[in-house]
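Summary of the model geometry
Okay, here's what each chain looks like letter by letter:
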Amino acid sequence: MSSAAFSASSANRDFWDRDADSYHAEHPEYLSSFYWCPEMLHEVDVQLLGDVSSATVLELGCGSAPCTQWLQGRARFATGFDLSSGMLSHAEGGLPLVQADALALPYRDEAFDIAFSAFGALPFVAGLDQALREVHRVLRPHGRFVFSVPHPMRWVFPDDPQNLTAELSYFERAYLEQDANGELSYAEFHRTMGDWVRALQVRGSFEIRNLIEPEWPERLDITWGQWSPERGAIFPGTVIFVCEAR
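None of these values were measured; they are calculated from a predicted model. (Residues numbered from 1 in each chain as written. Predicted model: local features only at pLDDT ≥ 70, side-chain atom pairs only at ≥ 80, totals over all residues. Heavy atoms only, no water.)

1. Some points on the UniProt feature "domain: Methyltransferase type" (unreviewed entry) in the chain
Applicable threshold: UniProt positions are given in the numbering used here, feature names are shortened, and annotations may be inferred rather than shown by experiment. Strands are runs of DSSP state E lasting at least two residues, helices are runs of H or I lasting at least four, and both sets are numbered from the N terminus onward.
Sequence positions flagged by UniProt for "domain: Methyltransferase type" (unreviewed entry) are, in local numbering, residues 58–147. Note that residues 58–147 is 23% helix and 30% strand, and that its end C-alpha atoms are spaced 12 Å apart.

2. Overview of the nonpolar core
For soluble globular proteins, the rule of thumb is that nonpolar side chains tend to be buried together. To keep things clear, this is the line we draw: Here, nonpolar core means buried Ala, Val, Leu, Ile, Met, Phe, Trp, Tyr and Cys residues that are tied together by side-chain atoms lying within 4.5 Å of each other. Per-residue accessibility, obtained with a 1.4 Å probe over protein chains only, is compared with the maximum for each type, and a residue is labelled buried under 20%, exposed over 50%, and partly exposed between these values. Two residues qualify as a contact provided that any one of their heavy atoms is within 4.5 Å of a heavy atom in the partner residue.
In terms of nonpolar packing, the biggest core is built from 35 residues, with Trp36, Leu49, Leu71 and Phe116 touching the most fellow members. Elements with a contribution of two residues or more to this core: α1 (3–26), α3 (66–71), β4 (112–118) and β9 (238–245). Among the elements that line this core, the one with the most residues is α1, at 4 residues. Residues in contact with Leu49, not counting those within four places in the same chain, are Phe34, Trp36, Glu43, Leu71, Ile114, Phe116, Arg144 and Val146. Leu58, Leu103, Ala199 and Val239 belong to the second largest nonpolar core, which has 31 residues in total.

3. A look at the pattern of salt bridges
Where charged atoms from two side chains of opposite charge approach closely, those side chains can pair. We apply this condition: One speaks of a salt bridge when a side-chain nitrogen belonging to Lys or Arg is within 4 Å of a carboxyl oxygen belonging to Asp or Glu.
Inspection of the entire model under this criterion finds 10 salt bridges. Notably, a salt bridge pairs Arg13 with Asp14, separated by 4.0 Å at the nearest N-O pair. Connected through shared salt-bridge partners, Asp109, Glu134 and Arg137 make up one network.

4. Some points on the packing of helix α5 (residues 128–138) against helix α6 (residues 193–202)
We count it as follows: Orientation is described by lines fitted to C-alpha atoms, with helices fitted over the stretch in contact, and by angles between N-to-C directions that extend from 0 to 180 degrees. Here the word oblique covers every angle except those under 35 degrees (roughly parallel), over 145 (roughly antiparallel) and from 65 to 115 (roughly perpendicular). Here a crossing is taken to be left-handed if its near helix is turned anticlockwise relative to the far helix by less than a right angle, and right-handed if that turn runs clockwise.
α6 packs onto α5 with a crossing angle of 40 degrees between their chain directions and a minimal axis gap of 10 Å. As summarised for this structure, α5 and α6 are arranged oblique, according to the angle between their axes. You can see that α5 and α6 cross each other, and the crossing is right-handed. Taking contact as the criterion, the partners of Leu128, Asp129 and Leu132 in α5 are, on α6, Trp196, Ala199 and Leu200.

What follows is the structure, encoded as structure tokens:
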């Protein structure tokens, strides 16, 4: 792992450990079941993972693991990991979860039929190629990989959910915060749509089978961080990639 990737992992682990309580207090609806995104797209409605009844399933960046919990009894086996022990401490007791970094997965090769992530891990890793290599390593041939991340368009708008003016560069690849001592305290990484395609399908070992940009539901009035009905009516806040391992 490079020093930059290690610094980002360390900073984000500490950040999510500190923020876990407030995060769960602020988003009870979203964290109540298997929702792919702030647009409240539920797996039972879209079935992006396909038939999981005989599948082994891995969740990347599971947080408190509401998605992994929902899969219990539906999949043959479902497990998850997260970088933050603080986030994992909010999970339902008895779930098969581990603390781990997406850049170094503690699983054997070809252990899973399906891997997925709902806004977890991938936006926060500096080494995207390494994370994708790890996902590919633990997937069986032709395994399914589905993940949702902030839509690249969302990056150009400030964190104010009422602000509809694009103010930030689409081509700026990172947002970094430092503490009073100048140490990295939070890191989030932006990928353009082209970046994602190149990482997955050009340099990587995945075929993109579908790309979903969920529309904001007409009756959904929950503001979720930077996601809001006002913004959702104009531009997508989420992109979901459905991929197959080559």
